[in-house]
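These are the residues of each chain, in order.
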Amino acid sequence: KNQVEQSPQSLIILEGKNCTLQCNYTVSPFSNLRWYKQDTGRGPVSLTIMTFSENTKSNGRYTATLDADTKQSSLHITASQLSDSASYICVVSAGGNAGNMLTFGGGTRLMVKP
Amino acid sequence: EPEVTQTPSHQVTQMGQEVILRCVPISNHLYFYWYRQILGQKVEFLVSFYNNEISEKSEIFDDQFSVERPDGSNFTLKIRSTKLEDSAMYFCASSYRVGPYEQYFGPGTRLTVT
């Protein structure tokens, strides 16, 4: 069964600090891995999408890495801002005939404090 | 910037009733999706739709559910004979292509079954 696990479940950091969120997945066949930001009560918003051949991708202060061999990904947030407080969700897309189906992790709830 | 819209934002219904959740995907997108998120749990894939037919569906998407694109703009999710456990946030999403392409999520409809 395809699964995506994230750690930590929650994280509190001070404004201006950096943090790294982790994701492990067992999805086969692998197509791509996405990181989404979800504010409470809102729909997820895409941050990055990486395919098998990509090791790293940045979007402003967000940098995602992917190790397809170990099936791990991380999302690094630099110089955190109060507006970064949200859930960050790792999502993996299976390839082949299930190319549309996304498997979601449980998310890391990040709180940035002043 | 184009966005996915959903109506209503909140729907309250009695157990056993039928509900229709509505979505207007981004106008030039060809692939449409429904997801649900039970409070405090992961986002779960329900169904994807392309070329006026279902392309994939999850185990959750049983005979109680149906989707339709009644005209050129709307995409609907019908839930027949609602149960208490159908209470969740339902997200619609759309994308232009499948694979490593962004899925844009709507703001969600919160369904409460009493």
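One can find the structure itself at the top, above this paragraph.
Residues numbered from 1 in each chain as written. Chains lettered and ligands numbered in written order. Predicted model: local features only at pLDDT ≥ 70, side-chain atom pairs only at ≥ 80, totals over all residues. Heavy atoms only, no water.

Draft legend 1. Seen up close, the nonpolar core. Core analysis: the biggest nonpolar cluster contains 25 residues, and A:Tyr25, A:Leu33, A:Trp35, A:Leu75 and A:Tyr88 have the highest contact counts within it. Contributions of two or more residues to this core are made by strand S3 (19-26), strand S4 (30-38), strand S5 (45-51), strand S7 (62-67), strand S8 (72-77), strand S9 (86-94) and strand S11 (108-113) of chain A. If you tally residues by element for this core, the top one is S9(A), at five residues. Among all residues touching A:Tyr88, those that are not within four sequence positions of it are A:Gln6, A:Leu21, A:Trp35, A:Tyr36, A:Lys37, A:Leu47, A:Tyr62, A:Leu75, A:Ile77, A:Gly107, A:Thr108 and A:Leu110. Formed by 23 residues, the second largest nonpolar core is a distinct cluster that contains B:Ile26, B:Phe32, B:Ile60 and B:Ile79. (Core = buried A, V, L, I, M, F, W, Y, C linked by side-chain atoms within 4.5 Å. Buried < 20%, exposed > 50% of the residue type's maximum accessible area, 1.4 Å probe, protein only. Helix = DSSP H or I, 4+ residues; strand = E, 2+ residues; numbered from the N terminus. Contact = heavy atoms within 4.5 Å.)

Draft legend 2. Expanded view of the sheet that holds strand S7 (residues 65-68) of chain B. Residues and elements named next belong to chain B. The sheet built from four strands is open, its strands ordered S1-S3-S8-S7 with antiparallel pairing. Among the strands making up the open sheet, the edge pair consists of strand S1 (5-7) and S7. For this sheet, the mean inter-axis angle between neighbouring strands, taken without regard to orientation, is 20°. (Pairing = 2+ DSSP bridges. Axes fitted to C-alpha atoms, helices over the stretch in contact; angles between N-to-C directions.)

Draft legend 3. Inspection of the sheet that holds S3(A) at higher detail. All names here are of chain A. Taken together, five strands build an open sheet; the order of strands is S1-S3-S8-S7-S6 and the sheet is antiparallel. Of all the strands in the sheet, just strand S1 (3-7) and strand S6 (56-59) have a single pairing partner and so form its edges. Neighbouring strand axes in the sheet, compared pairwise and without regard to direction, differ in orientation by 15° on average.

Draft legend 4. Main features of the state of the cysteines. Residues and elements named next belong to chain A. The full count for this structure, using the stated rule, is two disulfides over all chains. Two residues, Cys23 and Cys90, share a disulfide whose sulfurs are 2.0 Å apart. What sets the handedness of the Cys23 and Cys90 disulfide is the S-S torsion sign, and at about -65° it is left-handed. Linking Cys23 in strand S3 with Cys90 in strand S9, this pair joins segments that are 67 residues apart in sequence. Using a relative accessible area of 0% as the deciding quantity, one classes Cys90 as buried. (Disulfide = S-S within 2.5 Å.)

Draft legend 5. Region of interest: the pairing of strand S11 (residues 109-113) of chain B. All names here are of chain B. Of the two faces of S11, only one is covered, namely that formed by Thr109, Leu111 and Val113; the face formed by Arg110 and Thr112 stays uncovered. Where strand S2 (residues 10-13) meets S11, four bridges bridge the pair, whose relative direction is parallel. Directly across from Gln11, in S11, lies its bridge partner Leu111. As paired elements, strand S9 (residues 88-95) and S11 share three bridges and run antiparallel to each other. Residue pairing across strands places Met89 opposite Arg110, the latter belonging to S11.

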